[in-house]
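# Analysis of the macromolecular model
Listed here are the chains, written in short residue letters.
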Amino acid sequence: MTTIPRRYNGPEHSGNGGWVSGLLAREQTQRHGDEVVTTTLRQPPPLEVPLTWEEHPDEVRLVTAGGALIGEAAAGTFEHDPLPAPSAEESEAGVASYPGFTLHPFDRCFTCGTAREPGDGLRLFTGPVGDGSRTAGTWTPDPGVAGDDGLLDVPTTWAALDCPGGWAADFTAQAMVLGRMTAQVLRRPAAGEPLVASGLLRERDGRKFRTATALHTADGELLGRAEQVWIEIDLARFS
């Protein structure tokens, strides 16, 4: 049995897609040993509601008490090489140009919300750089988002790998939620560690946006990477 605490929201009334995907991934790794995991979210993850794990031969599923499928995780593979680390200049420019400072569909998002206080949310802000298909931003995790060991846990690291992809697809042009995410955490980030996050929009197919993200140290060590599918939504109906 588990719940998604209200703190870990994306949209105001549902779970942060990256954090919930990381929760699924951690369970998949613990039960099946997979280091690269693909998660699929089937409906908006409810907050503060008891949820149950289902064990299957090659995957785990998270379901409600009534049996409704919230999401599933299985072994994953990447389609592309990881994104290279952005330069310090690009990362600083990306933070300065973060569109969420002026328009944000989910300003209390645990990962990228501007209405969250330091230590409550990640406050990871990535803006467009280069030709506009990429995002980048500097980021130093606050101790308030780390565990007792001073490191970010797996769900929180997946959350950090989440929104830079959504901003590469441009949340200000259309509201989106995470549908699928394949990711790997190579090393958990430490509180106070200077990092750079990046995202890339690879393609749009109707309401689907395929993106990639990465998290590097300031000197270029790759800590984690992800490939994602985002789904455009009707924000009024979603709310």
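The structure we're discussing is the one just above.
Below is a summary of the structure that appears in this document. Please read these numbers as outputs of a predicted model, since none were measured by experiment. (Residues numbered from 1 in each chain as written. Predicted model: local features only at pLDDT ≥ 70, side-chain atom pairs only at ≥ 80, totals over all residues. Heavy atoms only, no water.)

### Description of helix α1 (residues 17–32)
Given 3.6 residues per helical turn, the α-helix brings residues three or four places apart onto the same face. End to end, α1 covers 22 Å across 16 residues, agreeing with the expected 22 Å (1.5 Å per residue, within 8%). Along α1, the positions that sit buried rather than exposed are Gly 17, Gly 18, Trp 19, Val 20, Ser 21, Gly 22, Leu 23, Leu 24, Ala 25, Glu 27 and Gln 28. Buried residues in α1 make contact with β1 (37–41), β2 (51–55), β3 (59–64), β4 (69–75), α3 (154–160) and β7 (176–185). Between a side-chain oxygen at the N-terminus of α1 and the backbone nitrogen of Gly 18 the separation is 3.0 Å; the capping residue is Asn 16. At the C-terminal side of α1, Gly 33 shows a positive phi close to 80°. (Helix = DSSP H or I, 4+ residues; strand = E, 2+ residues; numbered from the N terminus. Expected span 1.5 Å × (residues − 1). Buried < 20%, exposed > 50% of the residue type's maximum accessible area, 1.4 Å probe, protein only. Contact = heavy atoms within 4.5 Å. Polar contact = N/O pair within 3.5 Å; in protein donor to acceptor, adjacent residues only side chain to side chain.)

### Examining empty space enclosed by the protein
Scanning the entire structure with this criterion turns up one cavity of 30 Å³ or more. Looking at the largest cavity, its volume works out to about 30 Å³. When contributions to the lining of the largest cavity are tallied by element, the ones reaching two or more residues are β9 (208–217) and β10 (222–232). Per-element accounting of the lining of the largest cavity gives the leading share, three residues, to β10. For the lining of the largest cavity, the class distribution of residues is four nonpolar, one polar and four charged. (1 Å grid on protein atoms, 1.4 Å probe; cavity = no way out; pocket = protein on both sides within 12 Å on 5 of 7 lines; lining within 4 Å. Points joined across faces, edges and corners; volume = space filled by probe spheres on them. Nonpolar A, V, L, I, M, F, W, Y, C, P; charged D, E, K, R; others polar.)

### Quick notes on unusual backbone geometry
The phi dihedral of Arg 123 falls on the positive side, at around 50°, and the residue is not glycine. By secondary structure assignment, the location of Arg 123 is in the loop between α2 (88–96) and β5 (127–129). The phi dihedral of Asp 170 is positive, around 75°, even though this residue is not glycine. Summarising the element assignment, Asp 170 is placed in the loop between α4 (163–168) and β7.

### Brief notes about the pattern of salt bridges
Close approach of charged atoms allows side chains of opposite charge to pair. Scanning the model with the defined rule gives 15 salt bridges in all. Residues Arg 31 and Glu 55 are paired through a salt bridge, measuring 2.8 Å at the closest nitrogen-oxygen approach. Of this pair, Arg 31 sits in helix α1 while Glu 55 sits in strand β2; the two residues are 24 residues apart in sequence, bridging distant segments of the chain. Using a relative accessible area of 43% as the deciding quantity, one classes Glu 55 as partly exposed. One salt bridge in this structure joins Glu 232 and Arg 204, with 3.0 Å as the shortest N-O distance. Here Arg 204 lies in strand β8 (residues 195–205) and Glu 232 lies in strand β10, a separation of 28 residues in the sequence. Classification of Arg 204 by relative accessible area gives partly exposed; the value is 49%. (Salt bridge = Lys/Arg side-chain N within 4 Å of Asp/Glu carboxyl O.)

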